[in-house]
Amino acid sequence: MHRTARVALRVTPGQRRRCFGLLRSAGDVWACVLEVNGWRRRRRHVPLSGYQELCRELAASGPGTFAELDSVGARSVLRRFSDAWFAAAKRRKAGYVSARFPRRRRGLVPVRWYHGTFTLDGRRVRIPTAKGTASLWVRLAREVPYPAEQVRSVTLLCEGGRLFLDVTAEVPVVVYPPGEGPDPGRVAGVDLGIIHPYAVAGPAGEGLLVSGRAIRAEHRMHLADTKARRRAVARRAPRPGQKGSRRWRKYRRRARLVEGRHQRRVRQAQHEAGRTVVSWAVRQRVGVLHVGDPRGVLDIDAGRRHNLRLRQWQIGRLLQILTDKATLAGIAVRLVDERGTSSTCPACHRRVPKPRGRTLSCPHCRFSGHRDLVAAASIATRTPGGGPTTVATVVLPQVVTHRRAGRHLPGAGRSRRDPRRPPRAARGSVGPRRPAPPPGGESLAQQARIHNTHRKPGER
Ligand SMILES: [Zn+2]
């Protein structure tokens, strides 16, 4: 199994310039491919899309065309283009007419190098550059979390104005002592949600609730922050075609930094939540996770507020994280239909009007239980690929473990104060306070006299 860790780079200004040069050259490669295909389209030729033919075109352009970028790095851009092209073609073939072929130029494009072309030495990495150029060694902000012999590729990229290296390694699936590994006969259901990113119902009445309130708070505070910031600087925004002022560019740089930090915080919390679920499942010896696939709701337009909520939820990523971590731990993940699981009574199988709070109470049989756990328990009984009906007996969790995702987030503390604002004491006095007006300054003449006496000799 392949796993990827994102490691920040520590670079000198010179190294930074060279790294950005590589990313920019990769952007040039991308733009060239778009350009060539534009010409071909105008001449009614078939566009170049296969990796091999793109590589031939690159070889024909000769060495030195893309500054310091070596041919391995340039070919990784061609691979990226080819993959994007075929993914779009596949989606179009499947009936998604809105899927489009790559058409946009990008200033910076990530570059990938395969095993054997780079050197990893503890915290130092040699990034390959074109023949005849000085070698480029950079420092990593932390140790790579995989043994050096497992590392398969490194990808140089820029996010939020900072340089990162994605280190991909081939990691073996965990091996357990006999009788202690996950048991394929033990199935748990997972309900994905916003307030609880993961609600899990185990096979024998155990449950797990991972709270995502901290993540939601982080999203909210970030939105409020960026909105206020945007309002404050809207005046300085350059007109189309105008170059932004130095102050504006400074603001843009700061905004990118803040956005990057927000993204990292949320991603970290999501990974922690996924880790919590998988560790719990390993302890419970769960062999199969049935995950309710709610992605159908993403295609429905639900108004701007709810659309934003859904987008911030990032279900695709939650699913991906859970699947990756579970597979590595030897646990299978199956997607099942989740329709009706949060609005059907598990005791009498009748529909319950949409519950308002976190508890589901059945008006037909007086059943009452936690909404997300009830949904998870119903999901556990469904068969992958089966229909949206629950007929089997639902085992409701009796022993529930509570965990919070993103405890390190600034909004996760007990206080509801926004931690990004300075404390009240520091907030009170901004700049030097204006002195109290001296007595008797009512008329203009008096004002002038006061003004003159306050002026130091020699001052105009
Ligand atoms: Zn009922």
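Scoring rules and cut-offs
- Residues numbered from 1 in each chain as written.
- Predicted model: local features only at pLDDT ≥ 70, side-chain atom pairs only at ≥ 80, totals over all residues.
- Helix = DSSP H or I, 4+ residues; strand = E, 2+ residues; numbered from the N terminus.
- Buried ≥ 20, exposed ≤ 12 C-beta atoms within 10 Å, placed from the backbone.
- Contact = placed C-beta atoms within 7 Å.
- Pairing = 2+ DSSP bridges.
- Axes fitted to C-alpha atoms, helices over the stretch in contact; angles between N-to-C directions.
- Core = buried A, V, L, I, M, F, W, Y, C linked by C-beta atoms within 7 Å.
- Parallel < 35°, antiparallel > 145°, perpendicular 65-115°, else oblique.
- Left-handed = near helix turned anticlockwise from the far one by under 90°.
- Nonpolar A, V, L, I, M, F, W, Y, C, P; charged D, E, K, R; others polar.
- Expected span 1.5 Å × (residues − 1).

J.: Would you mind going over the overall build of the protein chain with me for this structure?
T.: In terms of regular secondary structure, the protein chain is built from 10 helices and 15 strands. Residues counted as buried form 27% of the 460 residues belonging to the protein chain. Taking all contacts inside the protein chain whose residues are at least 6 apart in sequence as the whole, residues at least 24 apart take part in 68%.

J.: Would you mind showing me how to read the sheet that holds strand S8 (residues 183-192) here?
T.: Backbone-to-backbone hydrogen bonds pair the strands of a sheet. The strands run either parallel or antiparallel. The mixed open sheet is built from six strands, whose spatial order is S12-S11-S8-S9-S10-S15. Strand pairing shows two members of the sheet lacking a second neighbour, strand S12 (332-337) and strand S15 (399-404), which therefore form its edges. Strand-to-strand twist across the sheet, computed as the mean angle between neighbouring axes with direction ignored, equals 25°. Pairing analysis gives four bridges linking S8 to strand S9 (residues 198-201), with the strands arranged antiparallel. Paired with Leu192 across the strands is Tyr198, a residue of S9.

J.: Just checking my understanding: could you explain the sheet that holds strand S5 (residues 136-140) for this structure?
T.: Pairing within the open sheet is antiparallel, and its seven strands lie in the order S2-S6-S7-S1-S5-S4-S3. On the outer flanks of this sheet lie strand S2 (111-114) and strand S3 (119-121), each paired with one strand and no other. Here the strands of the sheet are splayed against their neighbours by 30° on average, with no regard to which way each runs. Direction of pairing for strand S4 (residues 124-127) relative to S5: antiparallel, over a ladder of four bridges. Bridging across to S5, Arg126 finds its partner in Trp137. Most of the contacts of helix H1 (residues 13-42) go to strand S6 (residues 151-159), to which it runs at about 95°, and overall it touches S2, S5, S6 and strand S7 (162-170).

J.: Could you clarify how one ought to interpret the environment of Asn37 in this entry?
T.: The topology assignment puts Asn37 in helix H1. On the basis of neighbour count, Asn37 is assigned to the buried category, with 21 C-beta atoms found within 10 Å. With near-sequence residues (within four places) excluded, Asn37 lies in contact with Pro47 and Leu48.

J.: Explanation requested: the nonpolar core in the structure shown.
T.: Ranked by internal contacts, the top residues of the largest apolar core, which has 44 residues, are Ala188, Val190, Val200, Val277, Leu289 and Ala376. For this core, the secondary structure elements donating two or more residues are S8, S9, strand S10 (206-211), helix H4 (213-233), helix H5 (246-283), strand S11 (286-293), helix H7 (315-328) and helix H8 (371-381). Contact partners of Ala188, with chain neighbours within four places excluded, come to Val200, Ala201, Gly202, Pro203, Ala281, Val286, Leu289 and Ala380. Core analysis: the second largest hydrophobic core is formed by 29 residues, Cys19, Val33, Val77 and Val138 among them.

J.: What is the right way to look at the packing of H1 against helix H3 (residues 71-93) in this model?
T.: Relative to each other, H1 and H3 sit at 45°, their axes nearing to 9 Å. Our classification of the angle between H1 and H3 gives oblique. Once H1 is placed against H3, the crossing between them reads as right-handed. Residue-level contacts link Leu22, Ala26, Val29, Trp30 and Val33 of H1 to Gly73, Ala74, Val77, Leu78 and Phe81 of H3. Its residues assigned to classes, the contact of H1 with H3 comprises nine nonpolar, one polar and no charged.

J.: Is there a simple way to think about H3 in this case?
T.: Along its 23 residues, H3 runs 32 Å from first to last C-alpha, staying within 8% of the 33 Å computed at 1.5 Å per residue. Residues Gly73, Ala74, Arg75, Ser76, Val77, Leu78, Arg80, Phe81, Ser82 and Trp85 constitute the buried set of H3. In the core, the buried residues of H3 are packed alongside H1, helix H2 (51-61) and S2. At the exit of H3 stands Gly95, carrying a positive phi of roughly 105°.

J.: In this structure, what is going on with unusual backbone geometry? I would like to understand it.
T.: The phi torsion of most residues other than glycine is negative, and most of the peptide bonds are trans. The phi angle at Arg44 is positive, at roughly 60°, despite the residue not being glycine. Residue placement: Arg44 occurs in the loop between H1 and H2. One non-glycine residue, His349, lies in positive phi territory at about 60°. Topologically, His349 is positioned in the loop between S12 and strand S13 (359-361).

Shape descriptors only; they carry no functional weight alone.
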